[in-house]
Amino acid sequence: MLIPLPSPPRAEKSSKLPSAVQLLIAANILVFACQLYYWHYRGLNLSLHFGVIPQRISEFILVFPQLPDLSRPTLITSLFLHDTYNLQGGFVHLIGNMLYLSAFGPNLENAIGRMKFFFFYLLCGVSATLLYVVFHYNSDVPLIGASGAIAGVMGAHLFARPKSRIRCLFLIYIVSLPAIVVLVPWILVQLFNFVYLSSQDAAVAWLAHIGGFLAGIFLIGKFQMSWRPPRKHETANSLNHTYSNSNVPLMKIGR
């Protein structure tokens, strides 16, 4: 089994500010700690208040599918919640999500920038949630977790940089593998589970994972990616342009 590990980009820009990936990981851990506090000391399940309950946000329309209410803040808050009812499963869910985010997030953030990465992350998460709600509009079970948003990051990474290396733990060894080797089996597992386990009332929203992954592939082209290195003629033109421009401020033309 491959377990992805933090894989910072090679050409990471130095900055005193924490990266978007680091802030998102910290936010997820902090929210999970709050969930544990309210669950164990006050008997309050925050998932019921801040998770997405499809039945509550669906509007009745005489056509299929029913359309969700996009004004609900739970579309965002649910992305930072993890299961505290099944504590062991919640820890595994949180740790797994954060490992995948730390493995695939830095490359994407480095390419599109911190603020764009935040927006892209949230947009993928909301898209994954909406796809799930459309097909489970009558469900009263809260939908929570960062998996849909992180699946979007993974889909974007697969589409843009399938050959970039990702550090993984395999048994007791740390190996570096192309992203496509890690991601293709992952999405195949999601598809398999969706087909064969969705009808068994599984606790995992496999459709949200698939929706987030597809949203990442579709949306990444809209975020002005700069993944590929410049071609030789582009580099030459850029150098010539820089050279010609650099001479202009050094010259004073006049009489």
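Cut-offs used in this document
- The residue count restarts for each chain, going from 1 along the sequence in the order it is written.
- For this predicted model, a pLDDT threshold of at least 70 governs which residues receive local features, and a threshold of 80 or more governs which side-chain atom pairs are given and counted, while totals over whole chains, interfaces and linings are taken from all residues.
- Water and hydrogen atoms were dropped before computing side-chain values, which therefore reflect all heavy atoms in the structure.
- The pairing criterion for strands is at least two bridges between them, as found by DSSP.
- The helix count covers DSSP runs of H or I at least four residues long, the strand count covers runs of E at least two residues long, and both are numbered beginning at the N terminus.
- Simply put, an axis is a line fit to the C-alpha atoms, just over the touching stretch for a helix, and the angle between two N-to-C directions goes from 0 to 180 degrees.
- Left-handed describes a crossing whose near helix is turned anticlockwise from the far helix by less than a right angle; the clockwise case is right-handed.
- Residues count as neighbours in contact if any of their non-hydrogen atoms are within 4.5 Å of one another.
- Gly is put with the polar residues, along with every residue not named as nonpolar or charged; the nonpolar set is Ala, Val, Leu, Ile, Met, Phe, Trp, Tyr, Cys and Pro, and the charged set is Asp, Glu, Lys and Arg.
- To qualify as a nonpolar core, a set must consist of buried Ala, Val, Leu, Ile, Met, Phe, Trp, Tyr and Cys residues joined through side-chain atoms within 4.5 Å.
- Three labels apply to residues, based on accessible area from a 1.4 Å probe with only protein chains included: buried if under 20% of the type maximum, exposed if over 50%, partly exposed otherwise in between.
- Multiplying 1.5 Å by the helix residue count minus one yields the expected span of that helix.

A. Fine view of the pairing of strand β5 (residues 173-178). When strand β4 (residues 165-170) meets β5, the two strands line up antiparallel, connected through six bridges. Residue Ile166 lies in a different strand from β5, and its bridge partner there is Leu177. Taking the residues between adjacent antiparallel strands as the criterion, β4 and β5 are bridged by two residues, where Leu171 takes a positive phi near 60°.

B. Structural view of the packing of helix α5 (residues 87-112) against helix α7 (residues 147-160). Where α5 meets α7, the axes come as close as 9 Å, and the angle between the chain directions of the two elements is 35°. Regarding α5 and α7, the two cross each other, and that crossing is left-handed. Judged by residue contacts, His93, Asn97, Met98, Tyr100, Leu101, Phe104, Gly105, Asn107 and Leu108 of α5 engage Ser147, Ile150, Val153, Met154, Ala156 and His157 from α7. Across the contact of α5 with α7, the residue classes break down as nine nonpolar, six polar and no charged.

C. Inspection of the nonpolar core at higher detail. In terms of nonpolar packing, the biggest core is built from 41 residues, with Phe104, Phe117 and Phe120 touching the most fellow members. For this core, the secondary-structure elements that each account for two or more residues are α1 (20-41), α5, α6 (114-135), α7, β4, α8 (179-197) and α9 (206-219). Among the elements that take part in this core, α5 stands out by supplying nine residues, more than any other. Apart from the residues lying within four places of it in its own chain, the contact partners of Phe120 are Leu108, Ile112, Gly152, Val153, Ala156, Gly216, Leu219, Ile220 and Phe223. Core analysis: the second largest hydrophobic core is formed by twelve residues, Val126, Ala128, Leu130 and Val133 among them.

D. Spotlight on α6. The first and last C-alpha atoms of α6 sit 33 Å apart over 22 residues, in line with the 32 Å expected at 1.5 Å per residue. Turning to α6, its buried residues number three or more, namely Phe117, Phe120, Tyr121, Cys124, Gly125, Val126, Ala128, Thr129, Leu130, Tyr132, Val133 and Val134.

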